[in-house]
Amino acid sequence: MTATIHRRKLHELLIAEDATFAERHPRSRELFEQAHAHLFDGVPMNWMTRWASPFPVFVQEARGPNFTCVDGHTYVDFCLGDTGAMTGHSPEPTVRAVRNQLEHGITTMLPSDTALWVAEELNRRFGLPYWQVAMTATDANRFALRIARHVTGRPKILAFSWCYHGTVDETFITIRPDGKAGARPGNVGPAVDVNVTTKVVEFNDVEALEKALAPGDVAAVIAEPALTNIGIVLPEPGFHGLLRRITRETGTLLIIDETHTICAGPGGYTRAHGLQPDMLTIGKTIGGGIPCAVYGFTQEVADRIHAHWDYQTSDVGGIGGTLAGNALQLAAMRATLDHVLNEAAYSRTIPLAERFAEGVQSVIDEYELPWIVKRLGCRAEYWPRPRAPRNGGEAAAAEDPELDRFMHLFTLNRGILMTPFHNMALIAPGTSEADVDRHSEVFRQAVAALVG
Ligand SMILES: Cc1ncc(COP(=O)(O)O)c(C=O)c1O
């Protein structure tokens, strides 16, 4: 018989976990209360209010796959800064290179030879010849979209429903339950109605994609190769082949955002599955935690840019930034790509993610839970629904915020930090089998408390 979760019990368990958290974190509470004096809502960035705990854990120190909070508890970190620290915290080769660069100039708005190494390595990994540096993945995506509109002369872009590509205005679009496209709930102060800039279809919906691109007014499709921001939604067999065929046939550029799917391997999902994007963006982890992002493109896109570029006005054209491409970023990317985020790292982290998924699956089986576990490279996630969602809409409809909060808080109270917003874990090169097994054990305890 399938196990059932009783809502009243869940509610009572949450009250108990809230109390446990408060008892274990007096110093974090104190800092949070003091922080309200001059930090809006007590945090330096508004998402930090969105953790499962009644107030956020204040961090003392983070190193490798762990961090310690101001109350002296050490955690296994499966969130890893939501991918920014997929390398583990403060990886030694990156720290060494950054420390060295700090002594030799941080930002000059001039190139250095490190940039050549980084671009060659990106070419080797992702198969695209030309690269530019940005500060964040959001910026890389914004610049890629601007270039796409500029070179195609087309006004619109297409995004998949419930995608996330950073704070990029054009991508905050979803298909609502009534089937109409509109701004994603919570969109703050949009400059224009997102329907003016963007078409939206569900991931894996080839028919809708074909229809949306047929009029020839879409400059680019922007896509994570597998959705990771509304849970992991994998492409169906053949989807990427058709996406590429339809984009080519309609003269639409294809931008693949590898910021999270770099978990699939050293060349991301693109190399692992032989994708052929026109442009590729990636940020977060490629500098080991130092703010870095890059976007790359084909020879054909480069030629089209050259045909349309006005060098006299390039500094005010809406692409780039004074700090972008600075020496610190390049030193961080070189060290991280060479020594941290390399083949050897993935040969450790992917089997550990498999072990994580197997551990969760064994508990699901034992308790006959109608839940699933999914994995993409060194990222794994469980989901309280019986079948894998086909698209963002199905994934969003299956969200269970109260249950999510319980699983997060229960694990947090036992020394494990999961990625917020859903129950996702990312494995760092320094994560151990014991860390993964500890999660399996705590997950089992949480499930036993819920259904026992
Ligand atoms: C796929 C993807 N692209 C881009 C971004 C934006 O990254 P950042 O917030 O560092 O600009 C994110 C952030 O979560 C992301 O998941």
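Quick note: structure is the one above.
This structure is a prediction, so every number in the text was calculated from the model and none was measured. (Residues numbered from 1 in each chain as written. Predicted model: local features only at pLDDT ≥ 70, side-chain atom pairs only at ≥ 80, totals over all residues. Heavy atoms only, no water.)

**A short note on the site of the ligand**
Going by this rule: Throughout this document, a residue counts as near a molecule or strand when at least one of its heavy atoms sits within 4 Å of that molecule or strand. Contacts described as polar in this section are N or O atom pairs within 3.5 Å, which, within protein, must combine one atom able to donate a hydrogen with one able to accept it, while residues neighboring in sequence count only if both atoms come from side chains. All accessibility values rest on the Shrake-Rupley procedure with a 1.4 Å probe; residue burial counts only the protein chains present in the view. For the purposes of this entry, the term helix denotes a DSSP run of H or I that reaches at least four residues, the term strand denotes a run of E that reaches at least two, and both are numbered from the N terminus. Under the grouping applied here, Gly and all other residues not named as nonpolar or charged are polar, the nonpolar ones being Ala, Val, Leu, Ile, Met, Phe, Trp, Tyr, Cys and Pro and the charged ones Asp, Glu, Lys and Arg.
Inspection of the region around the ligand gives 13 residues, with Thr138, Asn229, Asp257, His260 and Lys284 positioned closest. Here a nitrogen atom of the ligand and a side-chain polar atom of Asp257 are 2.6 Å apart. Within the contact set of the ligand, an oxygen atom lies 3.1 Å away from a side-chain nitrogen or oxygen of His260. For the ligand, the protein covers 88% of the area, taking 390 Å² as the surface of the free molecule. Per element, the largest residue contribution to the shell around the ligand is three residues, and it comes from helix 5 (residues 137-152). Class assignment of the residues belonging to the shell around the ligand gives a composition of two nonpolar, eight polar and three charged.

**Details of the layout of surface pockets**
As a reminder, the rule being used: In the cavity and pocket records, a cavity denotes points on a 1 Å grid over the protein atoms alone where a 1.4 Å probe fits but cannot get out, a pocket denotes an open set with protein on both sides within 12 Å along at least 5 of 7 lines, and lining residues are residues with an atom within 4 Å of a point. Grid points are joined across faces, edges and corners, and a volume is the space filled by probe spheres set on the points.
Space inside the second largest pocket adds up to approximately 1,300 Å³. Put simply, the parts of the chain that give the lining of the second largest pocket at least two residues each are helix 4 (114-126), strand 4 (130-134), helix 5, strand 12 (293-297), helix 10 (299-308) and helix 11 (327-340). Tallying contributions element by element places helix 4 first for the lining of the second largest pocket, with five residues. Its residues assigned to classes, the lining of the second largest pocket comprises 24 nonpolar, 15 polar and three charged.

**What to know about empty space enclosed by the protein**
Taken as a whole and judged by the stated rule, the model has two cavities of 30 Å³ or more. A volume near 40 Å³ is recorded for the largest cavity. Lining the largest cavity are Trp51, Ala52, His408, Leu412, Leu417 and Met418. In terms of residue class, the lining of the largest cavity is made up of five nonpolar, one polar and no charged. Here the second largest cavity defines a volume of roughly 40 Å³. Around the second largest cavity sit Met86, Leu341, Ala345, Tyr346, Thr349, Ile427 and Pro429, which together line it.

**Describing the sheet that holds strand 13 (residues 372-376)**
What counts, and what does not: Strand pairing is defined by DSSP finding a minimum of two bridges between the two strands. To obtain an axis, a line is fitted to C-alpha atoms, over the contacting stretch when the element is a helix, and the angle between two such axes runs from 0 to 180 degrees between their N-to-C directions.
As summarised here, the arrangement of the three strands in space is 13-14-16, forming an open sheet in which the pairing is antiparallel. Both outer strands of the open sheet, strand 13 and strand 16 (423-426), are each paired with one neighbouring strand and no more. In this sheet, adjacent strand axes meet at a mean angle of 15° when their direction is disregarded. Inspection of the sheet shows strand 14 (residues 379-383) paired to strand 16 by four bridges, in the antiparallel sense. Each bridged residue has a counterpart across the sheet, and for Tyr382 the counterpart in strand 16 is Asn423.

**Details of the side chain of Lys374**
Heads up, the rule is: Categorising residues by exposure relies on relative accessible area from a 1.4 Å probe, with only protein chains included: less than 20% of the type maximum marks a residue as buried, more than 50% marks it as exposed, and the intermediate range marks it as partly exposed. Note on contacts: a residue pair is in contact if any heavy atoms of the two residues lie within 4.5 Å.
Among the structural elements, Lys374 can be located in strand 13. By relative accessible area, which is 8% here, Lys374 ends up buried. If sequence neighbours within four positions are ignored, Lys374 has contacts with Ile232, Arg379, Ala380, Glu381, Trp383, Ala388 and Pro389.

**Focus: the packing of aromatic side chains**
Operational definition: Only Phe, Tyr and Trp rings are paired, with Trp represented by its six-membered ring, and only when their centres lie within 6.5 Å; those with planes under 30 degrees apart are stacked, over 60 edge-to-face, the remainder tilted. The rule is short: NZ of Lys or CZ of Arg within 6 Å of the ring centre and within 35 degrees of the ring normal puts a charge over the ring.
Taken as a whole and assessed by the stated rule, the structure comprises 17 aromatic pairs. Seen in terms of ring centroids, Phe78 and Phe356 are 5.4 Å apart; in terms of plane orientation they differ by 70°. Their pairing is edge-to-face. A residue pair is termed long-range when its members are at least 10 positions apart, and Phe78 in the loop between strand 3 (74-77) and helix 3 (92-102) and Phe356 in helix 12 (residues 343-366) qualify at 278 residues. Residue classification places Phe78 among the buried positions, given a relative accessible area of 0%. A relative accessible area of 1% means that Phe356 is categorised as buried. Three or more aromatic residues joined by ring pairs make a cluster, and in this case those are Tyr130, Phe143, Tyr295 and Phe297. A cation over a ring is seen here: Arg414 above Phe410, with NZ or CZ 3.4 Å from the ring centre.

**Thoughts on the sheet that holds strand 4**
If you walk across this open sheet you meet the seven strands as 4-12-11-10-9-5-8, and the pairing is mixed. The sheet terminates laterally at strand 4 and strand 8 (198-201), the two strands that pair on one side only. Each neighbouring strand pair of the sheet contributes to a mean axis angle of 20°, computed without reference to strand direction. With four bridges connecting them, strand 5 (residues 156-160) and strand 8 associate as parallel partners. Its bridge partner lying in strand 8, Leu158 is registered against Lys199. Where helix 4 meets the sheet, it contacts strand 4, strand 11 (279-282) and strand 12, and its direction lies at approximately 115° from that of strand 4.

**Section: the side chain of His408**
Along the chain, His408 turns up in helix 14 (residues 401-412). For His408, the side chain forms a polar contact with the main-chain oxygen of Thr419, separated by 3.1 Å. With near-sequence residues (within four places) excluded, His408 lies in contact with Ala52, Met418, Thr419, Pro420, Phe421, His422 and Asn423.

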